[in-house]
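Fold and geometry: a report
Given next are the chains, with one letter for each unit.
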Amino acid sequence: MKKKRLNWRLVLYELRNITGNIFVIFFGVFFPIMLSALFSIVLKKQVPEEMYPKAVTSIFITMSMIIPMAVLLIGYAANYSQELEKDIPLRLNLFGFSERTMLAAKMIAYLIFTTAAFLLYTVTDVIMIDRKS
């Protein structure tokens, strides 16, 4: 049987799987934005004025680390366990997709989603957080 190659339809399928998990959306996109906004408000009242820009930068970097951890650790594990339960890798293999092709599609989809989450996080934080004191 001829093995099928990686294509955008398979990557879009994986992107739909990622965005279908509410935990990935919440913990990978909204949670870091909410925490950085909350911590910046709290820090404004507790940190000396000259140290505030450094503190906000530190919060921005720290909260941005949540995105890949949440997306990859929560999302990949939850989605792949559901796929194994329903024998989806076996079915895709029967339709001619190799494990290598499926893994490449997953990696590309997670890279796209993580990049989009970082962009949304950065744009939202630049708009919401006052970096000057």
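Our subject is the structure listed above.
Residues numbered from 1 in each chain as written. Predicted model: local features only at pLDDT ≥ 70, side-chain atom pairs only at ≥ 80, totals over all residues. Heavy atoms only, no water.

Here we look at helix H4 (residues 66-85)
Quick reminder of the rule: Note on conventions: DSSP H or I runs of at least 4 residues are helices, E runs of at least 2 residues are strands, and numbering of each starts at the N terminus. Here a helix's expected span is defined as the number of its residues, less one, multiplied by 1.5 Å. Two axes enter the definition of the bend at a residue: one is fitted to the seven residues ending there, the other to the seven starting there, and the bend is the angle between them. Only protein chains enter the accessibility calculation, which uses a 1.4 Å probe; a residue whose area is less than 20% of its type maximum is buried, one above 50% is exposed, and one in between is partly exposed. We call two residues in contact whenever any of their non-hydrogen atoms come within 4.5 Å of each other.
The end-to-end C-alpha distance of H4, which contains 20 residues, comes to 28 Å, matching closely the 28 Å that a straight helix rising 1.5 Å per residue would cover. Approximately 25° is the largest bend angle found in H4, and it occurs at Gly75. Regarding H4, the residues found buried are Ile66, Ile67, Ala70, Val71, Gly75, Asn79 and Glu83. Summarising the contacts, the buried residues of H4 are in contact with helix H1 (8-19), helix H2 (22-46), helix H3 (52-64), helix H5 (88-94) and helix H6 (99-128).

Observations regarding unusual backbone geometry
Phi at Asp87 is positive, roughly 60°, even though this residue is not glycine. Within the secondary structure, Asp87 is located in the loop between H4 and H5.

Examining the pattern of salt bridges
Two side chains that carry opposite charge are able to pair once their charged atoms sit near each other. The cut-off we apply is this: Salt bridge, as used here: a side-chain nitrogen of Lys or Arg that lies within 4 Å of a carboxyl oxygen of Asp or Glu.
Counted according to the given criterion, the structure contains two salt bridges. The partner of Glu14 in a salt bridge is Lys106, and the shortest N-O contact between them spans 3.1 Å. Taken as a pair, Glu14 in helix H1 and Lys106 in helix H6 lie far apart in primary sequence, 92 residues in all. In this pair, the class of Glu14 matches that of Lys106, namely buried. Of the charged contacts in the structure, one is a salt bridge between Glu83 and Lys106, with a shortest N-O distance of 2.8 Å. With a gap of 23 residues between them, Glu83 in helix H4 and Lys106 in helix H6 connect regions that are remote in the sequence. Given the relative accessible area of 7%, Glu83 is considered buried. On the basis of relative accessible area, Lys106 is assigned to the buried category, the value being 7%. Salt bridges here are not isolated pairs; linked through shared partners, they connect Glu14, Glu83 and Lys106.

Any link to function would need more than the numbers given here.
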